[in-house]
Amino acid sequence: MMVAMPAATEMGGPLVGRATELDRLAGLVGIRYAATAGPDRSPGTGPEGAVLLAGDAGVGKTRLLAELRARAEDAGHRVLVGHCLDFGDGALPYLPFSEAFGRLVTESPALARSLVEATPAIARLMPARRVLPEQGGTDSVPGAAPHVADDGQIDRPGLFAAVHAALELLGRAAPLLLVVEDVHWADQSSREMLSYLFSRRFDAPVAVVASYRSEDLHRRHPLRTTAAEWSRLPGVTRLDLGRLADDDVRDLVRSLHPAPLPDRALRGIVARAEGNAFFTEELVQAAELGAGSLPEGLTDLLLVRLDRLDDDARLVVRAAAVSGRRVPHLLLERVVETQVASLDGALRSAVERSVLVPMGGDGYAFRHALLAEAVYDDLLPGERVRLHAAYAKALQQGGVGGTAAELARHARAANDLATAAHASVAAGDEAMAVAGPDEAARHYELALELSMQMGGDTGFPDLDVVELTAKACEAALAAGQTYRALALARDQLRSVSPGASPEARLRLLRVRASVAIVADSDSDALRVTTEALELVEAHPDEFARAEILALHARALAEMRRHDEAARYATEAIDLADRLGRVGIAADARTTMARLRERGGETAASRAMLAGTIAQARTAGDLGAELRGMFNLATLQYEAGEVAEARELYARTERRAREKWRPWAPYGLESRVLGIQAAYLLGDWDAATEMADLRHESPPETAEAMVGASGLLTRAGRGDEAALDLLPSIAPPAAREGMAAMFSGFAAIDLHGDRGDVHAAIAAHDGAVRVIGTLWANAEFQARIRMSALLLGHVATAIPDTGSHDRDDLVGLGGALLDTARRIARTREESVWEEGPEGSAWLARAEAEHARLRWLLGDDAPPLGELVAAWQSAVDAFDAFGHVFEKARSQARLAAVLRASGRTADADAVIAEAGTTPRRLGAEPLLRELRSVGGPGTARAADTSRRDEALTAREREVLELVAEGRSNREIAGRLFISAKTVSVHVSNILAKLGVSGRTEAAAVARRRGYLTG
C-alpha cells in the first residue's frame, strides 16, 4: 500500500490570462533553454533556480503549474511533483518528497533503484517504507539491494544531503523540475528540507518551484517568516500570481460555457468572481444549473475560514457581513457594542486570517466579496433581523457616515417599513442628483412597493404616491428601462383609489402619457392622452394642459392623423410660449417640424428643429433636446444624407453620455441608428466597435437594440455564430420594434446565405408579426426591405428546389412583391417617410422578382428588362449610399449581363463590385461573385492552372457537372438557359475526350481542373 497522494492535476481547456506569468515562470526554471540543455552542460552555468509562487486560493496556481509541467515535459525535462496536505497535527514528515520519489518509483523503477543505490538514505522517503507493516508494505524499493532496508537512524543533515544529491543525479541525466504545491500546509520537516534545497547550489540543471496561498499566512503562521527568508536567498524568486483581469475572466467564462450567456449574466459572474479562476468556474456551473445564490461547494469552502476564528472574531465578521462588502470601523463598533470583549482583538484575528482586510484606515472589507455573501447567507433569520436593526439604529443616530440607501436597506430587512420607505425616497433623490438613474429607479420602486404593503396612499400620509410614481418613471426612462417605466405607470393608474381626486388621476395620466409616448409597444398612448385632455378641460390647469396638448399631438402623429396632430401641436406651442414652459414648447415644435417635413417643407422643418434644440438646451430640458437632435439626424438619414446623419447621431449619443443617460430615449436610439449609418457607409469595423457592449452594463432592452443593430455586419460577413445570439435577443425584441426589425433583417440573411430558405421565411414572418403588433400597423415601411431580402433568397433557392416546394416559393415571391408595392403606394401617408432608402429597396424587390421569374423560365422577362431592373437597383443604392447593398446588386447585375452575352460589361461590373466585399470581409458576397466569375475572382485567378482549351464558362459548367447538377440546375445557377448548358456540356465532353458526364468529372479531377 502506498501513502495516499492527490492525483496529478488534469488540464481542461486553454490557459486563460496567464501567458505572461507562464513565460516568466518557464524562463526562471530554464525551460526556454531546453534546446541547448543536456547532460553534458557545464556545472552551475544554467539559468535554473528556485521560484516561490504565491497567490490566493483559487487564483490559478495549480493550473499554471500544470501548464508549466506540460511545457517542461515537452522540452525534455523530467518533472517530479509533490503536494502538501492539510493533516493538521497528524502531518507526515516530508510528505511532498515521498510523493515525488514515489511517482519516480512508479514511472521509472530502474532509475529509482539506481538513486537508492547511490544515495541510500532517500529510501527512507520512499512511500513503501512509510506505511504500517500490517498494511502489507514492503521494506524497500522493488529490486533494491538488501541493505536499503536497514532500520538504523539517519540524521537530518544526512537526509537533506541525500535528497540534494539524488536530485542532482537526476538533473545530470536530464534537466529536472521539482514542484512542491501548497507549502502553506507543509510540515516543519518539509519546510526545512526546502530551506536546505533553496540555499544549496546544484551543479546540474535542477529547478525547484514551491507554491503557497499568500492569504493563509497570518501573523502566527509558521511559513510566514520562512517564506520571507526564502525570498531573500540568492537564486530564489518570488512570483505573486494576481487576480485575472475582467477581460480574461470573460474569456474563461466563454471557454467554460461555450453556449452564449446573456450579457447581463456574464457581467454578473465577472463582478462576483473578482478575478478568481476557481470562483469563476463555480459561478459558471451555478449559472448552468439556474442557481441564483452561491454554489453549495463554494459556500462550504469559503466558510472554512470562519470556522478557524474564535467566538468574538466570528461574531464581528458576521456583523460585518450584514453591512456588505465593506464596513466603517465606527459603524461596526456601534453595532456590536458590548457583545465582544475586545473589538480590536477580534478584528485583528479576522485580518490575520485574511477574512477581513483594512480599508482606507477607517474601515474593513472582506477579502473576497463572495466570502461576505457566504457569511451573510449562513446567518440565522433572527440574527439577520437583529443585526440589521442595530445598523438602522446606528445610522439614524448619525455620526457614522452612512447613506440613505444603507438606512433603507437595513430598515427594510429589520421590518421597519416606514423608515425604509422614506429613506428609499431620499436615496432615490440622492442618486438622481449625482446622475445615477438606475439606482434611483430601484430606490423609488422600493418606496412604492413599501407604500403598497402599507395600504397605498393611506399607509404613509406624508408620502405623495403620485409624485413618487412620477419620480420612479422618470428615473426608469433615464436609465433606459422604458418598459419598466410603462409597467409602473400602468400599475399605479390601475391602483389609484376610487375616491382619489380628479387632480390626482390627471397627474397619473400625465405620467402615464409621457411614458407611453416613447414606448414602442404601447398602443394605448392616444387613449391615455385623450382621457387626460378631457380631465384637464373639466378641471382647468394651464400648465398641465400645455403638457397634455404636446403629448396628444405626438400620439396623433404616431397614428398618422396628421392634420389633428398639427392643430394640437400648434395649440401646445402657443400655450407653452405664453406660460414660459420652454421644454414643452420645444417638444411640440419637434412634432410640428416632422409634420412640416412630411408636407414637403424640408428647409423649414430643419430650421424649426435647430431652433427647438437650442431652445431646449437653454431651458435645461435634456429630453426635448435629445429628441430634437435625434429627429434632425433622422431627417438627414431619410433624405439620403447618411454621413451627415451619422455625425449628428454620434453627437446626440455623446450628449446623452455627458449627462450620464446613455440608455435614455433618443440617446440610445441615436447609438443604434449610428451603427446603421456606419454599416450603410461601409465602415463595418466602426459599426462593430459601436455595438460592442462588453465593457458596459445596459438594461435588457438597450442591450437587445444595440446587439440587434450590430448583427447586420456579422450577417454580411457570414458569421453563422451570430445565429446563437438570436434567442437571447428575442424576448426583449418582442417589446421593442427596433430590436425586432434589425434582428429580423440579419436573421433573413444569416439563414438565407447558409441555404436554409425555410428558416429565412420563418425569420421574416416572425419579425413581421412582432413588429406589426407592436406598432399596431402590419404595413410598416421596413417590410419593403424585409420583402426584398427574402425575395433574393427565394430566387437563389429556386434552382435547387423540388417542383412541389417550388410552387410555394413562387407564390411567396409574388406575395412579397405585392406587399412591397402596396406599402410603397401608401408611403406618402406616413409621417416617417422612407425617402431614397425605401425607393432603393423597392427597386431591389422588383429586380429580385424579375430574377425569380427568369430562373423559372415561365413568364420570364426579356433579358434587357432584367438588366434594366438590376441597373435600377444598383443606381438606387448608390444614390442612397448603401455600399454593401450596391455591391450585392452589382453581383446580380453582372450575372444577368453575362447571361445576355455582355461579358465585357459584366467583367467591368464585377471588377468594381469586388473591392467592396474584400474590404468588408463579406464572405457570402465574395462567394456569389466567384460563382459569377470575372476579373478579380478566385475562379478567374486560377485559370493559369487549368486547361486553356476550356473557356471560363465551360469551366464553370464543368464544376457544376462534377457536383452532379442537372442542366436545369446549372442554368439556374449561371443565369443561362438549359439549352445553352447542353451546348457547353457537349463541348466539354469533346475537349476532354470522354463520353459521359461522370467520366468528365473524373478526368477533370485527375488533371486538377476543378477548384474543389
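Below: a short report on this structure. (Residues numbered from 1 in each chain as written. Predicted model: local features only at pLDDT ≥ 70, side-chain atom pairs only at ≥ 80, totals over all residues. Heavy atoms only, no water.)

Turning next to the pairing of strand β8 (residues 363-366). Residues Gly363 and Ala365 of β8 are buried on one face, and the alternating residues Tyr364 and Phe366, pointing to the opposite face, are buried as well. Counting the residues in the hairpin turn of strand β7 (residues 356-359) and β8 gives three residues, including Gly360, whose phi is positive at 65°. (Buried < 20%, exposed > 50% of the residue type's maximum accessible area, 1.4 Å probe, protein only. Helix = DSSP H or I, 4+ residues; strand = E, 2+ residues; numbered from the N terminus. Pairing = 2+ DSSP bridges.)

A separate point is the environment of Ala273. Looking at the element boundaries, Ala273 is found in helix α9 (residues 263-273). Placed 95 residues apart in sequence, Ala273 and His368 show a C-alpha to C-alpha distance of 8.6 Å. If we ignore the near neighbours within four places in the chain, the residues touching Ala273 are Phe279, Thr280 and Leu283. (Contact = heavy atoms within 4.5 Å.)

Moving on, we come to the packing of helix α12 (residues 311-323) against helix α15 (residues 369-377). In the contact formed by α12 and α15, the axes pass within 8 Å of each other and the chain directions differ by 105°. Taken together, the axis directions place α12 and α15 in an arrangement best described as roughly perpendicular. Contact with α12, carried on its side by Val317, Arg318, Ala321 and Val322, involves Ala372, Val375 and Tyr376 of α15 and no other residues of that element. In terms of residue class, the contact of α12 with α15 is made up of six nonpolar, no polar and one charged. (Axes fitted to C-alpha atoms, helices over the stretch in contact; angles between N-to-C directions. Parallel < 35°, antiparallel > 145°, perpendicular 65-115°, else oblique. Nonpolar A, V, L, I, M, F, W, Y, C, P; charged D, E, K, R; others polar.)

Further remarks concern the sheet that holds β7. What holds strands together in a sheet is hydrogen bonding between their backbones, with the strands either parallel or antiparallel. One open sheet holds the three strands; their spatial order is β6-β8-β7, and the pairing between them is antiparallel. Each edge of the sheet is formed by a strand with only one pairing partner; in this case those strands are β6 (326-328) and β7. The average undirected angle you get between the axes of adjacent strands in this sheet is 25°. Note that β6 and β8 share three bridges and pair antiparallel. Along β8, the bridge assignment pairs Val327 with Tyr364.

Bringing the packing of aromatic side chains into the picture now. To describe a pair of aromatic rings, one takes the distance between the centres and the angle between the planes. Here the structure, examined in full by the defined rule, presents eleven aromatic pairs. Judged by centre distance (5.7 Å) and plane angle (45°), the rings of Phe630 and Tyr666 are tilted. Pair noted here: Phe630 is in helix α28 (residues 622-638) and Tyr666 is in the loop between α29 (642-658) and α30 (667-680), with a separation of 36 residues, a long-range link. Neither Phe630 nor Tyr666 differs from the other in exposure class; each is buried. A cation over a ring is seen here: Arg384 above Tyr376, with NZ or CZ 4.8 Å from the ring centre. (Phe/Tyr/Trp six-rings, centres within 6.5 Å; stacked < 30°, edge-to-face > 60°. Lys NZ or Arg CZ within 6 Å of the ring centre and 35° of its normal.)

Before going further, it helps to spend a moment on the packing of helix α19 (residues 437-453) against helix α21 (residues 482-495). The contact between α19 and α21 brings their axes to 13 Å, and the two run at 25°. Relative to α21, α19 is oriented roughly parallel. Our pair here, α19 against α21, has a crossing hand that is left-handed. Residues Glu445, Leu448 and Met452 of α19 form the contact with α21, whose participating residues are Arg484, Leu488 and Gln492. Looking at the contact of α19 with α21 residue by residue, the classes come out as three nonpolar, one polar and two charged. (Left-handed = near helix turned anticlockwise from the far one by under 90°.)

A separate point is the environment of Leu395. As for its position among the elements, Leu395 is in helix α16 (residues 381-397). Overall, Leu395 belongs to the buried group, its relative accessible area being 12%. When the C-alpha atoms of Leu395 and Ala411 are compared, they prove to be 9.9 Å apart, with 16 residues separating the residues in sequence. Apart from the residues within four sequence positions on either side, Leu395 is in contact with Leu331, Val400, Gly402, Glu406, Leu407 and His410.

Further remarks concern the sheet that holds strand β3 (residues 176-181). Overall, parallel pairing links the five strands, which are arranged β2-β3-β4-β1-β5 in an open sheet. A single partner strand is all that each edge strand has here, and the edge strands are β2 (78-83) and β5 (236-240). Shown here is a sheet whose adjacent strand axes are inclined to one another by a mean of 15°, direction ignored. Pairing between strand β1 (residues 50-55) and strand β4 (residues 206-213): six bridges, direction parallel. By the bridge assignment for β4, Val51 is matched with Val209. Along the sheet face, helix α2 (residues 61-74) touches β1, β2, β3 and β4 and points at about 165° away from the line of β3. On the sheet, helix α6 (residues 188-199) packs against β1, β3, β4 and β5 and is oriented at approximately 140° with respect to β4.

Of all the six residues making up β1, six are buried; the element is thus mostly covered by neighbouring parts of the structure. Both β1 and β5 contribute to a ladder of five bridges, which runs parallel. For Val51, the partnering residue across the bridge sits in β5 and is Thr237.

So, on to unusual backbone geometry. The phi dihedral of Asn415 falls on the positive side, at around 65°, and the residue is not glycine. Turning to its location among the elements, Asn415 is positioned in the loop between α17 (404-413) and α18 (417-433). Accessibility expressed as a relative area gives 59% for Asn415, which makes it exposed. In this model, Tyr666 sits at a positive phi of 80°, which is unusual for a non-glycine residue.

Time to look at the nonpolar core. Core analysis: the largest hydrophobic core is formed by 205 residues, its most contacted members being Met741, Phe742, Phe745, Met786, Leu893 and Leu958. With eleven residues, the single largest contributor to this core is helix α38 (residues 836-856). Contact partners of Leu958, with chain neighbours within four places excluded, come to Leu950, Ile988, Leu992, Ala1000, Ala1004, Tyr1009 and Leu1010. Within the second largest apolar cluster, 55 residues are counted, among which are Leu283, Leu303, Leu306 and Phe366. (Core = buried A, V, L, I, M, F, W, Y, C linked by side-chain atoms within 4.5 Å.)

Take the pattern of salt bridges next. According to the stated counting rule, one finds 60 salt bridges in the structure shown. Note that Glu99 is salt-bridged to Arg103, the shortest N-O span being 3.0 Å. Taken as a pair, Glu99 and Arg103 lie in helix α3 (residues 95-107) at a separation of four residues, close to a single helical turn. Exposure remark for Glu99: the relative accessible area of 1% places this residue in the buried category. (Salt bridge = Lys/Arg side-chain N within 4 Å of Asp/Glu carboxyl O.)

Shape is all these values report; function is a separate question.
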